[in-house]
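# A closer look at the structure
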Amino acid sequence: MSSNGESSRLLIRDLAQLVSPSGSAAPLRGRALGDVDVIEDAFLLCESGRIAAVGSMRDLRPPEGEVEELDGRGLCAVPGLVDCHTHACFAGDRVDEFELRARGASYEELHAAGGGILGTVQATRSAGEEGLQAAVRRHRDWMLRTGTTTFEAKSGYGLDRNTELASLRAILREDGVPTWLGAHAVPPEFDDADTYLDFALTEVLPAAAQLAEAADIFLEEGAFSAEQARRYLTACRDAGLTIRLHGDQFTEQGAIPLAVELGTRSVDHLEATGDDGIRRLAESDVTGVLLPVSALFLSRPLPPARALVDAGAAVALATDFNPGSAFCESLPLACSLACTQLGLSPAEALTACTVNAAHVLGRAGRIGRLAVGYNADAVLLAAPDWRHLAYHLGGEIVSAVVRGGRLAWQR
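Residues numbered from 1 in each chain as written. Predicted model: local features only at pLDDT ≥ 70, side-chain atom pairs only at ≥ 80, totals over all residues. Heavy atoms only, no water.

## Some points on the packing of aromatic side chains
When we look at a pair of aromatic rings, we describe it by the centre distance and by the angle of the planes. This is how it is decided: For Phe, Tyr and Trp, where Trp contributes only its six-membered ring, two rings pair if their centres lie within 6.5 Å, and the inter-plane angle classes them as stacked under 30 degrees, edge-to-face over 60, or tilted in between. Counting from the N terminus, the helices are the DSSP runs of H or I reaching at least four residues and the strands are the DSSP runs of E reaching at least two. Exposure categories follow from relative accessible area, calculated using a 1.4 Å probe and restricted to protein chains: below 20% of the type maximum is buried, above 50% is exposed, and the middle band is partly exposed.
All told, the structure shown has 11 aromatic pairs when counted by the stated rule. Taking 6.1 Å as the distance between ring centres and 40 degrees as the angle between the ring planes, the aromatic pair formed by tyrosine 196 and phenylalanine 199 counts as tilted. With tyrosine 196 and phenylalanine 199 both in helix 5 (residues 193-208) and 3 residues apart, this pair spans about one turn of that helix. A ring pair is formed by phenylalanine 321 and phenylalanine 327, whose centres lie 5.9 Å apart and whose planes are at 25 degrees; its orientation type is stacked. Looking at phenylalanine 321, the relative accessible area reads 0%, which means it is buried. Following the ring pairs from residue to residue traces out a cluster consisting of Phe90, Trp142, Tyr157, Phe321 and Phe327.

Structure representation (C-alpha cells):
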C-alpha cells in the first residue's frame, strides 16, 4: 500500500478482529466499562478522514471508485489510543535525578532540594519556542509509534509568561490538545504560592485562555493548597477553560471534594485516595484519571482502580509522560499495568484509554471508537487477538497506525 496520503479512501481488509467499546455513551462506568464489541474477520472503510463502514468481511461489498487497500491478515484493529494526561512539552532530562532516586532519594526530597518540577524549568525556559516545538514533535512521534493518535499536553515547565505561552503554541502546532498547567509549582523568583498565583492569573491567564482548552493545577502538600486551587480553577473556568486537577498523588489534601464542588472534568493521579474519596468520586460526574506508570516509576502505592470501577466511578487511563516521574510514552504499557497491577480487565483498560479518555478531552463523539462517523483513527496490532494490547508487556505490539484515514506510521 502507498503511504503518500494522496487517496482519501482507505480499506483495511481481512482483519483477524476489529474491537471497539460498545454503545455510544461516554464516559462508560461500572459494567459498561468492560463491554466491547468484537468483530471477527473484519474490515474497516475510511472515507475523507471518517469511518464510513465497519463489519464482517462476508458483508463487504466491493467499494466503488478509487480506494487504497491495506492487508489486515493476522492483525487486529482497535481505536486510536487517546492519552489524556501528558507533560510532553519540556526540554532537557532528569536522568541524574533518576539515578539519585534509584539510590534511595524520595521525590519529595528531590523537590525540596530544587529538583523535581523545578529541575526542568531552567532547561525549558532556555529552549526557545522553536526548541519547544521540536521537543513536542519528537515526543508526539514517540507516542504515535505506540498507538496514540490523540494526545493532551500541558504547559507548566515554564512558569513565566513567555515560556508558558510558547509551550501552549508549540502543543497546538503539533496537533496536541493544550492544557495550561500554570500552577504546577512555585517558580524560584516568587516568595510564595499566593504571590505567584496573583501573577499567573493577572499576567498569563488572559492570553493562555486564548490558546489552551483546559487549565490544571497541582494540589499537593508543598505545591498548592485546596483554597489556592479553588481560586485558580474558578478564575480559569470564568475565563472559559475546562478545569482539571492533579490530586491525591502523595497525600489527600481535599482534591476530590474540591473537584466535585467545582465540577472539574477530571481529577488525575488518585494514588492516595481513600474510601471516602472513592465514594465521592463515584457519586459525581468527575472522571478519575489513573496514572499507573507514575506510581510504578516512583515506587508509590497504585491508585485504587478496581475499587473505583466497582463503586461506579468513571475512570480513564493515561501515561503521565514527563521527564521526572513517568518517562514513558506508551499507552500499551499503561494498559499492561492496569491489568496486572490495578485489577482491570483488558476491555476495561481499552475503554479507559479510548472513549473515556476522549471524554476527558471533550471529544467522545469524535474519537475513541471504531464506529461510523467517528474520526478514522485506528491502531493495528501485530497479533491475532486484540487483548495482546495489554498482554504483550512493553513489546512492539503496534504494527501500524491510521490517523484521519491515512497511514500515519507502519513498522
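Once you've had a look at it, read on.
## Some points on the pairing of strand 15 (residues 398-403)
Defined as follows: Here, any two strands with at least 2 DSSP bridges between them count as paired.
Along strand 15, 5 of the 6 residues are buried, which leaves the element largely enclosed by surrounding structure. Taken together, the 4 bridges between strand 14 (residues 378-381) and strand 15 define a ladder with antiparallel strand orientation. Considered in strand 15, the bridge of valine 379 is made with valine 401. Two strands pair when backbone bridges link them, and strand 15 and strand 16 (residues 406-410) are joined in this way by 4 bridges, in the antiparallel orientation. Its bridge partner being in strand 16, arginine 403 is matched across the sheet by arginine 406. Hairpin connection, strand 15 to strand 16: the antiparallel pair is bridged by 2 residues, and glycine 404 has positive phi, about 60 degrees.

## Here's the deal with the sheet that holds strand 8 (residues 177-183)
Cut-off, in case you're wondering: Axis definition: a line fitted to C-alpha atoms, over the contacting stretch in the case of helices. Angles run 0 to 180 degrees between N-to-C directions. By definition, residues are in contact when any of their heavy atoms lie within 4.5 Å.
Taken in spatial order, the 8 strands of this open sheet run 6-7-8-9-10-11-12-13, and their pairing is parallel. Two strands bound the open sheet, and with one partner strand each, they are strand 6 (81-83) and strand 13 (315-317). Ignoring strand direction, the axes of neighbouring strands in this sheet form an average angle of 25 degrees. Direction of pairing for strand 12 (residues 287-290) relative to strand 13: parallel, over a ladder of 3 bridges. Within the sheet, the bridge partner assigned to leucine 290 lies in strand 13 and is leucine 317. Sheet contacts for helix 3 (residues 117-145): strand 6 and strand 7 (148-154); angle to strand 7, the most-contacted strand, approximately 140 degrees.

Functional significance is not addressed by these values, which are geometric in nature.
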